[in-house]
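# Structural description and commentary
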Amino acid sequence: MGYQNKLLGMFLWFYLICFSFIGVNGIGNFSADDKGVVVIHGKAFIGRIDNDFVCATIDWWPPEKCDWGKCSWGHASLLNLDLNNKILLNAVRAFSPLKIRLGGTLQDIVTYGTKDNMESCIPFVLSPNDRFKFGFTHGCLPMQRWDELNSFFQKAGVKAIFGLNALAGRSFTSDAGVVAAVGPWNYANAESLIRYTVAKKYTIHGWEFGNELCGHAIGASVTADRYASDVMVLRDIVQDVYRGVEPKPLIIAPGGFFDVNWFTEFLNKSRESANVITHHIYNLGPGVDDHLVEKILDPTFLDGVTDIFQNLKNVLRSSRTSAKAWVGEAGGSYNSGRRLVSDAFVNSFWYLDQLGMSATYGTSTYCRQTLIGGNYGLLNTTTFMPNPDYYSALLWHRLMGSRVLSTTFYGTKKIRSYAHCAKESKGITVLFLNLDDSATVNARVTLNYAKKPSPPIAGKLQRRQYHLTAQDGNLHSQIVLLNGNILSVNSAGDIPPLDPIYVDSSKPITVGPLSIVFAHIPDAAIQACS
């Protein structure tokens, strides 16, 4: 270890001589005890995220969820979720606002119980032999429930994104088990829902077209050419129905897994019809995988998804579209995730790394699967109590500003670091994820292209730190500690305050084993944040 420390010290000394960096705690303020340096390249920000970057989803799945003929329990449906639960309401209000995407797998077999819908408005019924292998027959959204949902959105401060049924009116062909949806979209039922929504003066942030119908689709596929034509139809409907209404909702598509050829063709043929391009990510694999924890704590594995973000960024750039990229759905591991992994402390390493990584590649919103439902919910499906990822998401939302900074960590590969201009405050916020189960890292923050620092004010040169750890060091714990204190909802259903500790800015940032640290550094003045 002594030899490694010498090498690291020599490297840092050489690096600092070659480049005119300014440490936020002074120039060259490093010691032999430091085990890493995070360099913030602050001449210009490398991207922007939405102020309401954190987003969550709610599914149509009934309580008995079936994936490919296998049923499991523990889902919270859009049709039966208790919208009056105090914890749910307070958990959503804490974000002020929270984007919620309503949809998922069953959205393309949902009808809407508007007056012109001639069919009976009945709920989903179990049917293991259905064409798409989802396990249910068609279901219906009663307008009374739509009214209840919109009342909740208004009370909770939700920006709602609604996923429309994009398979309505199509016929289907099957070849070697692959189902293709052909023919034009029948938009009549969707248009009637949109007109009802506008007549009721409900605010919808965006209408999303279809779920996982693109590329290597789940259930049924639609060609990029056909999809582009139908999205243009949706755009025209929205422009007509919302005539004189501002702002108009976003047109969002395609809501599926990234396929470079399909996305390229769709963008080239849709003529700027979509304001947002959404894609889904489940890079950890199936929830039944026994090696999820190893994947989450493996930096090489985490880096494996960067190609998707980079390729989508390239496709958007080459198509010259003004559309933004969103992750429209991401739960880590699919098929409801895994109990005591997806809903436990360990998952925050994956989740926060995804937020940080996606932001650096131009993603402006990231929708977590789910707000509530399955093992990957931010809230417990039964009690509505926040799981550890909820608090990780809330800290990100409150601390990480819209300007994304280029960040490089020099030291162990087990540290992941990301930085943004601070949100609604001066300075920057740096996020550290320590994937090592034994090593503590003392990290220094160094600024490239820093503005000339202001003279320090005696006794006030402090940074705010938020250390997240698992109770008793157990990665599978559903109880998270903030600066050593348990975070828990009180008897009134109130979300606990997320209070920082204040640390002398001349000291390194200590990142303990298997811990997460947000550090807000208000005195870090860089050009990118001015």
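Looking at an unreviewed UniProt entry, one finds the chain named Heparanase-like protein 3 and attributed to Vicia faba. Taken from UniProt, the Sequence similarities (unreviewed entry) comment for the chain reads in full: "Belongs to the glycosyl hydrolase 79 family." Per UniProt, the chain has the following entry under Function (unreviewed entry): "Endoglycosidase which is a cell surface and extracellular matrix-degrading enzyme. Cleaves heparan sulfate proteoglycans (HSPGs) into heparan sulfate side chains and core proteoglycans."

Regarding its fold elements, the chain presents 11 helices and 29 strands. Here the chain, with 530 residues, has 57% of them falling under the buried criterion. Pairs at least 24 apart in sequence give 76% of the contacts found in the chain among residues at least 6 apart. Of the roughly 22,200 Å² that the chain leaves accessible, carbon and sulfur atoms contribute 53%.

A side chain with one charge may pair with a side chain of the opposite charge, provided their charged atoms come close. Under the criterion given, the structure shown has 22 salt bridges. Aspartate 303 is paired through a salt bridge with arginine 416; the nearest N and O atoms lie 2.9 Å apart. With a gap of 113 residues between them, aspartate 303 in helix H8 (residues 299-303) and arginine 416 in strand S21 (residues 415-422) connect regions that are remote in the sequence. Looking at aspartate 303, the relative accessible area reads 37%, which means it is partly exposed.

Below, the discussion takes up the environment of histidine 280. Residue placement: histidine 280 occurs in strand S15 (residues 276-281). Measuring from C-alpha to C-alpha, the distance between histidine 280 and glycine 255 comes to 6.7 Å, with 25 residues separating the pair along the chain. Contacts of histidine 280, omitting those with residues within four sequence positions, involve Arg101, Asn211, Glu212, Gly255, Gly256, Phe257, Gly328 and Glu329. At 3.3 Å, the side chain of histidine 280 forms a polar contact with the backbone oxygen of glycine 255.

Before going further, it helps to spend a moment on the sheet that holds strand S19 (residues 363-368). On the basis of which strands lie adjacent, the closed barrel formed by eight strands has the order S4-S7-S10-S13-S14-S15-S17-S19 and parallel pairing. Neighbour-to-neighbour, the strand axes of the sheet open up by a mean angle of 30°, direction not taken into account. The sheet contact formed by S15 and strand S17 (residues 324-330) spans six bridges and is parallel. For histidine 279, the partnering residue across the bridge sits in S17 and is valine 327. Taken strand by strand, helix H10 (residues 347-360) contacts strand S4 (54-59), S15, S17 and S19, and its axis lies near 155° from that of S19.

A few words on the packing of aromatic side chains. Per the counting criterion, the structure on display carries 24 aromatic pairs. For the ring pair phenylalanine 95 and tyrosine 390, a centre distance of 5.7 Å and an interplane angle of 85° mean the geometry is edge-to-face. Here tyrosine 390 lies in helix H11 (residues 388-399) and phenylalanine 95 lies in the loop between helix H2 (86-93) and strand S7 (98-103), a separation of 295 residues in the sequence. Accessibility assignment for this pair places phenylalanine 95 and tyrosine 390 in one class, buried.

In terms of nonpolar packing, the biggest core is built from 132 residues, with Trp146, Phe349 and Phe518 touching the most fellow members. For this core, the leading source of residues is helix H5 (residues 224-241), giving eight residues. Phe409, Ala419, Ile428 and Ala528 belong to the second-largest nonpolar core, a separate cluster that totals 22 residues.

Attention now moves to the confidence of the model for the chain. The predicted model of the chain has a mean per-residue pLDDT of 90, with 89% of residues at 70 or higher. Confidence drops under pLDDT 50 across residues 1-7; counting only partners more than four residues distant or on other chains, this segment forms zero contacts.

For the rest of this paragraph, the subject is the pairing of strand S13 (residues 206-209). Burial of the side chains of S13 extends over both faces: Gly206 and Glu208 are buried on one face and Trp207 and Phe209 on the other. Bridging between strand S10 (residues 158-164) and S13 involves four bridges; their strand directions are parallel. In the strand pairing of S13, leucine 164 is matched with phenylalanine 209. Pairing of S13 with strand S14 (residues 250-257) involves three bridges; the strand directions are parallel. Considered in S14, the bridge of glutamate 208 is made with isoleucine 252. Traced from S13 through H5 to S14, the parallel crossover comes out right-handed.

This part is about the packing of helix H9 (residues 306-319) against H10. Across the interface, H9 lies against H10 with an axial gap of 9 Å and an inter-helix angle of 30°. Viewed along their axes, H9 and H10 adopt a mutual orientation that is roughly parallel. Like other packed secondary-structure pairs, H9 and H10 cross with a definite hand, here right-handed. Where H9 abuts H10, its residues Thr306, Phe309 and Lys313 lie against Gln354, Met357, Ser358 and Thr360.

Note on placement: threonine 57 falls in strand S4. Classification of threonine 57 as buried rests on a relative accessible area of 0%. With residues up to four places along the chain from it excluded, the contact list for threonine 57 reads Arg101, Gly328, Cys367, Arg368, Gln369, Thr370, Leu371 and Ile372.

For the rest of this paragraph, the subject is the state of the cysteines. As enumerated under the stated definition, the model contains three disulfides in all. The disulfide that involves cysteine 121 links it to cysteine 140, with 2.0 Å between the sulfurs. Because the torsion about its S-S bond is -90°, the bridge between cysteine 121 and cysteine 140 counts as left-handed. In this pair, cysteine 121 sits in the loop between strand S8 (110-113) and strand S9 (139-142) while cysteine 140 sits in strand S9, placing the two residues 19 residues apart along the sequence. Judged by relative accessible area, cysteine 140 falls into the buried class, the value being 3%.

For H9, which comprises 14 residues, the first-to-last C-alpha distance of 20 Å matches the rise-based estimate of 20 Å (1.5 Å per residue) to within 8%. For H9, every residue scored as buried is listed here: Thr306, Phe309, Leu312, Val315, Leu316 and Ser319. Residues of H9 that are buried sit in contact with helix H6 (260-269), S15, H8, S17, H10 and S19. One or two residues past the end of H9 sits arginine 320, with phi positive at roughly 60°.

How each quantity is defined
Residues numbered from 1 in each chain as written. Predicted model: local features only at pLDDT ≥ 70, side-chain atom pairs only at ≥ 80, totals over all residues. Heavy atoms only, no water. UniProt positions renumbered as here; feature names shortened; annotations may be inferred. Helix = DSSP H or I, 4+ residues; strand = E, 2+ residues; numbered from the N terminus. Buried < 20%, exposed > 50% of the residue type's maximum accessible area, 1.4 Å probe, protein only. Contact = heavy atoms within 4.5 Å. Areas by Shrake-Rupley, 256 points an atom, 1.4 Å probe, with all protein chains shown as cover. Salt bridge = Lys/Arg side-chain N within 4 Å of Asp/Glu carboxyl O. Polar contact = N/O pair within 3.5 Å; in protein donor to acceptor, adjacent residues only side chain to side chain. Pairing = 2+ DSSP bridges. Axes fitted to C-alpha atoms, helices over the stretch in contact; angles between N-to-C directions. Phe/Tyr/Trp six-rings, centres within 6.5 Å; stacked < 30°, edge-to-face > 60°. Core = buried A, V, L, I, M, F, W, Y, C linked by side-chain atoms within 4.5 Å. pLDDT = per-residue confidence, 0-100. Right-handed = clockwise from strand over helix to strand, strands pointing away. Parallel < 35°, antiparallel > 145°, perpendicular 65-115°, else oblique. Left-handed = near helix turned anticlockwise from the far one by under 90°. Disulfide = S-S within 2.5 Å. Expected span 1.5 Å × (residues − 1).

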